[in-house]
Amino acid sequence: MTGHIVPMGAGKAVMERRNDPLHDYVLELTGKDDPAVLFLPTATGDEASYIVSFYEAFHSGRCRPRHLKLFHRDEDDLTDIVMGADVIHAGGGNTANMLDVWHRQGVDKLLFQALDNGAVLTGGSAGGLCWFEGGTTDSFGPTLALLHEGLGMIKGSYCPHYDAEDQRRPIFHAALLDGSLQMGYASGNRVAIRFTAAGEVVEAVTSEPGGQALKVYAVDGEIVEEEIPCRLLEERVASRTVSS
């Protein structure tokens, strides 16, 4: 089986759009009619309202949803929960704290196994950045900083919210120019970039006109923003409806 990694520019902003076509896009990558979807709300400390938003977007008419809380853990062994998921969706929030908790509880190792087993790993903001080696983050306060402790499933760096937060582009460019971050990718809030399990770009998709995805790197002291063509997804409200 071949897994996929699908980072998105935004986490909550996409999740709260119940019929956003990005949800269907991720589900269809599994090739299954009723995929099992696991939500990891770790980055917000298992925030209850975020979990509710997940079930509103990934309801039983679309898939078989389940969430995993790590701050109030109910299971001794997480292997079956993680490995039984066709899609693993990491929520947005504090990337650094999320990665620390995952490592402490062994979730990071299970995610690598899930990818090898063919799972689709996805999420936005923190849930998009975590799959890379590093990137830009607000984990340490309102002034953006760099994070270097990503899972490294995709080589290089990532900058979410590229079209929505003024600090993102300047700090990303500066880090690429001084070598603090390696070549990377950037995307707008409602944009997803699909990678193979080996970390190769397949395509970029967007659920809003004008959505942008970029490969960004430095050459001879200059920043190059290489556009990745973005396919516009159509909203299909009636395609997956809530079961009566």
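The structure reproduced in this document is the subject of the present report. Because the structure is predicted, anything quoted here is derived from the model rather than measured.

The rules behind these values
- Residues numbered from 1 in each chain as written.
- Predicted model: local features only at pLDDT ≥ 70, side-chain atom pairs only at ≥ 80, totals over all residues.
- Heavy atoms only, no water.
- Helix = DSSP H or I, 4+ residues; strand = E, 2+ residues; numbered from the N terminus.
- Buried < 20%, exposed > 50% of the residue type's maximum accessible area, 1.4 Å probe, protein only.
- Contact = heavy atoms within 4.5 Å.
- Areas by Shrake-Rupley, 256 points an atom, 1.4 Å probe, with all protein chains shown as cover.
- Lys, Arg positive; Asp, Glu negative; His and termini not counted.
- Charge placed at Lys NZ, Arg CZ, Asp CG, Glu CD.
- Axes fitted to C-alpha atoms, helices over the stretch in contact; angles between N-to-C directions.
- Parallel < 35°, antiparallel > 145°, perpendicular 65-115°, else oblique.
- Nonpolar A, V, L, I, M, F, W, Y, C, P; charged D, E, K, R; others polar.
- Phe/Tyr/Trp six-rings, centres within 6.5 Å; stacked < 30°, edge-to-face > 60°.
- Salt bridge = Lys/Arg side-chain N within 4 Å of Asp/Glu carboxyl O.
- Arc of directions from axis to C-beta.
- Disulfide = S-S within 2.5 Å.
- Pairing = 2+ DSSP bridges.
- Right-handed = clockwise from strand over helix to strand, strands pointing away.

**Describing the overall build of the protein**
- Of the regular secondary structure elements, the protein holds 8 helices and 14 strands.
- Projecting the C-alpha coordinates of the protein onto the three principal axes gives extents of approximately 55 × 40 × 35 Å.
- Within the protein, the proportion of its 244 residues that are buried is 54%.
- Long-range contacts, defined as pairs at least 24 residues apart, comprise 70% of the intrachain contacts of the protein with a sequence gap of at least 6.
- Roughly 10,700 Å² of accessible area belongs to the protein as shown, and the carbon and sulfur atoms make up 46% of that amount.
- Within the protein, the 35 negative side-chain charges are centred at a point lying 5 Å from the centre of the 20 positive side-chain charges.

**Some points on the packing of helix 5 (residues 95-105) against helix 6 (residues 107-116)**
- The N-to-C vectors of helix 5 and helix 6 enclose an angle of 85°; their axes lie 5 Å apart at closest approach. What the angle tells us is that helix 5 and helix 6 run roughly perpendicular. Counted together, W102, H103 and Q105 of helix 5 and V107, D108 and L111 of helix 6 form the full contact between these two elements.
- When the residues that make up the contact of helix 5 with helix 6 are grouped by side-chain class, the tally is 3 nonpolar, 2 polar and 1 charged.

**What to know about the packing of aromatic side chains**
- In total, this model carries 10 aromatic pairs according to the counting rule given.
- Between F132 and Y158 the ring centres are 4.8 Å apart and the planes differ by 5°, which places this aromatic pair in the stacked class. One end of the pair, F132, is in strand 6 (residues 132-137); the other, Y158, is in strand 8 (residues 154-159), with 26 residues separating them in the sequence. Neither residue differs from the other here; F132 and Y158 are each classed as buried.

**Quick notes on the pattern of salt bridges**
- Overall, the coordinates contain 13 salt bridges when judged by the stated rule.
- For D24, the salt bridge is made with R62, and the minimal N-O distance between the two is 3.5 Å. In this pair, D24 is assigned in helix 2 (residues 21-28) and R62 in the loop between helix 3 (48-57) and strand 3 (64-67), connecting sequence segments 38 residues apart.
- By relative accessible area, which is 2% here, D24 ends up buried.
- The buried category is assigned to R62, whose relative accessible area is 1%.
- For E225, the salt bridge identified is with R169, shortest N-O distance 3.0 Å. Placement of the pair is E225 in strand 13 (residues 222-228) and R169 in helix 8 (residues 168-178), with a sequence separation of 56 residues.
- Overall, the relative accessible area of 32% leaves E225 in the partly exposed class.
- Each of R17, D20, R190 and E208 takes part in a single network of salt bridges with overlapping partners.

**Considering helix 3**
- Taken as a whole, helix 3 has its buried residues at Y50, I51, S53, F54 and A57. All buried residues of helix 3 fall inside an arc of 155° around its axis, so they share one side.
- Turning to helix 3, the residues buried within the fold contact helix 1 (12-15), helix 2, strand 2 (36-40) and strand 3.

**Here's the deal with the state of the cysteines**
- Per the counting criterion, the structure on display carries 0 disulfides.
- Unpaired in this structure, C130 has its nearest cysteine sulfur neighbour in C159, at a distance of 15 Å.
- The buried category is assigned to C130, whose relative accessible area is 0%.

**A closer look at unusual backbone geometry**
- Unlike most non-glycine residues, D46 shows phi in positive territory, near 60°.
- With respect to the secondary-structure elements, D46 resides in the loop between strand 2 and helix 3.
- With a relative accessible area of 8%, D46 lands in the buried category.
- Despite not being glycine, H161 shows a phi value in the positive range, around 55°.
- You can see H161 is positioned in the loop between strand 8 and helix 8.

**Description of the pairing of strand 2**
- In terms of burial, strand 2 is a largely internal element, 5 of the 5 residues being buried.
- In strand 2, alternate side chains face the same way, and those of A36, L38 and L40 on one face and V37 and F39 on the other are all buried.
- As defined by bridge partners, strand 2 adjoins strand 3 across 4 bridges and the pair is classed as parallel. Among the inter-strand pairings, L38 is bridged to a residue of strand 3, identified as R66.
- After leaving strand 2, the chain enters helix 3 and then returns to the sheet as strand 3, a path that is right-handed.
- Bridge analysis of strand 2 against strand 4 (residues 87-90) gives 4 bridges, and the strand direction is parallel. Paired with F39 across the bridge in strand 4 is H89.

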